[in-house]
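Coordinates in review
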Amino acid sequence: MTAHGVSGPRGVGSAMLDKNVEKLLSEPWGAAKVGVHYTKEVLGSLCEQFSRLEPQARRGALQGTLFMRKGQRSGLNDEVEDLVAVATDDKDQWASLIARALGGLKQRFDLQRLQQDVPAVADALASIREKIQVEGTPDTYRPLEVNVFPSRISHR
């Protein structure tokens, strides 16, 4: 990764995003590693090249904004808003969802609408519901103490 996260001379046209940055954004917790290094140049490159990034890197680029330091974030609000705007209607449902969350909820949260707008959310919720149906809920499990302690203690 270069000092500014982009390859090539600063301030010249659309600088290419450093391949290491793109790779890191695709890895688990990569957003945390990259986000603390966001600059105007990096965010500008992410905006310009957002659509060509792999879906996981696009999600990571958005999640990286959550790991920016407070002082860093205050100077980059416009660039973060630009990134969120680029991603809001992304073809990747999860990237779009993250962008909407980062953009802030302007109205009351509507889970039904979210499930309609982002089918991946509906799929995830259906999977969770199915797992609950098969395995039960936490209140159907017996506490560990029942198995470890004598019955006289667990009946108190």
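So, here's what we can say about the structure. Note that the coordinates shown come from a computational prediction; the quantities given were computed from them, not determined experimentally.

Reading the values: rules and limits
Residues numbered from 1 in each chain as written. Predicted model: local features only at pLDDT ≥ 70, side-chain atom pairs only at ≥ 80, totals over all residues. Heavy atoms only, no water. Helix = DSSP H or I, 4+ residues; strand = E, 2+ residues; numbered from the N terminus. Buried < 20%, exposed > 50% of the residue type's maximum accessible area, 1.4 Å probe, protein only. Contact = heavy atoms within 4.5 Å. Core = buried A, V, L, I, M, F, W, Y, C linked by side-chain atoms within 4.5 Å. Phe/Tyr/Trp six-rings, centres within 6.5 Å; stacked < 30°, edge-to-face > 60°.

A few words now on the overall build of the protein chain. Secondary structure assignment for the protein chain yields 11 helices and zero strands. In the protein chain, the succession of helices and strands from N to C terminus is α-α-α-α-α-α-α-α-α-α-α. Classification of the 156 residues of the protein chain by burial places 31% in the buried group. Counting only contacts in the protein chain whose residues sit at least 6 apart along the sequence, the fraction spanning at least 24 positions is 60%.

Core analysis: the largest hydrophobic core is formed by 22 residues, its most contacted members being L25, Y38, L43, L46, L62 and L83. Secondary structure elements with two or more residues in this core: α1 (19–26), α3 (40–49), α4 (55–64), α6 (77–88) and α7 (93–103). Residues within four places of Y38 in sequence aside, it is in contact with L25, L43, L46, G60, A61, G64, T65, M68, Q72 and L76. L97, L114, A120 and V121 belong to the second-largest nonpolar core, a separate cluster that totals five residues.

Following the criterion strictly, the structure yields one aromatic pair and no others. Ring geometry for W29 and F67: centres 6.2 Å apart, planes at 70 degrees, overall edge-to-face. Of the two residues, W29 sits in the loop between α1 and α2 (30–35) while F67 sits in the loop between α4 and α5 (70–74), which places them 38 residues apart along the sequence. Given the relative accessible area of 65%, W29 is considered exposed.

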